[in-house]
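The lines below spell out each chain.
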Amino acid sequence: MRGVTRPGWGGRFAAKMRGESGMSTAEYAVGTLAAVAFAGVLLKVVTSGPVQSALSALIEKALG
């Protein structure tokens, strides 16, 4: 059974080049808020009258 080994020079170099990996809790919160805001705007656009009528016309044309 082998013990814990330290990464070679390549692993250490790659870790230094990457910097911090992952997101902190604050970054998750900001990312979540941005995603929710985008979803809200998208929902508002898709449920608007002109877009709904255009989608309905497109579906009717495809099925008809």
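Notes on the structure follow. (Residues numbered from 1 in each chain as written. Predicted model: local features only at pLDDT ≥ 70, side-chain atom pairs only at ≥ 80, totals over all residues. Heavy atoms only, no water.)

1. Some details on the overall build of the chain
Selection rule: Note on conventions: DSSP H or I runs of at least 4 residues are helices, E runs of at least 2 residues are strands, and numbering of each starts at the N terminus. Using a 1.4 Å probe on the protein chains alone, a residue whose accessible area is under 20% of its type maximum counts as buried, one over 50% counts as exposed, and one in between counts as partly exposed. For accessible areas, the Shrake-Rupley method is used with a probe of radius 1.4 Å. Any residue's cover is judged against the shown protein chains and nothing else.
Summing up its helical and strand segments, the chain has three helices and zero strands in all. Taken from N to C terminus, the helices and strands of the chain fall in the order α-α-α. A burial count over the chain gives 0% of its 64 residues as buried. Of the roughly 6100 Å² of accessible surface on the chain, a fraction of 69% belongs to carbon and sulfur atoms.

2. Details of a nonpolar patch on the surface
Rule in force here: Residues enter a patch when their relative accessible area is above 30% and they make no salt bridge; the linking distance is 9 Å between like charges and 5 Å between nonpolar side chains (Val, Leu, Ile, Met, Phe, Trp, Tyr). Counted as salt bridges are all cases of a side-chain nitrogen of Lys or Arg within 4 Å of a carboxyl oxygen of Asp or Glu.
On the surface, a cluster of nonpolar side chains totalling about 650 Å² of accessible area is made up of Phe38, Val41, Leu42, Val45, Val46, Leu55 and Leu58. Residue assignment for the nonpolar patch shows that the elements contributing at least two residues are helix H2 (25-46) and helix H3 (49-63). Per-element tally for the nonpolar patch: the top contributor is H2, with five residues. Among the structural elements, Phe38 can be located in helix H2. Of the residues examined, Phe38 reaches a relative accessible area of 59% and is grouped as exposed.

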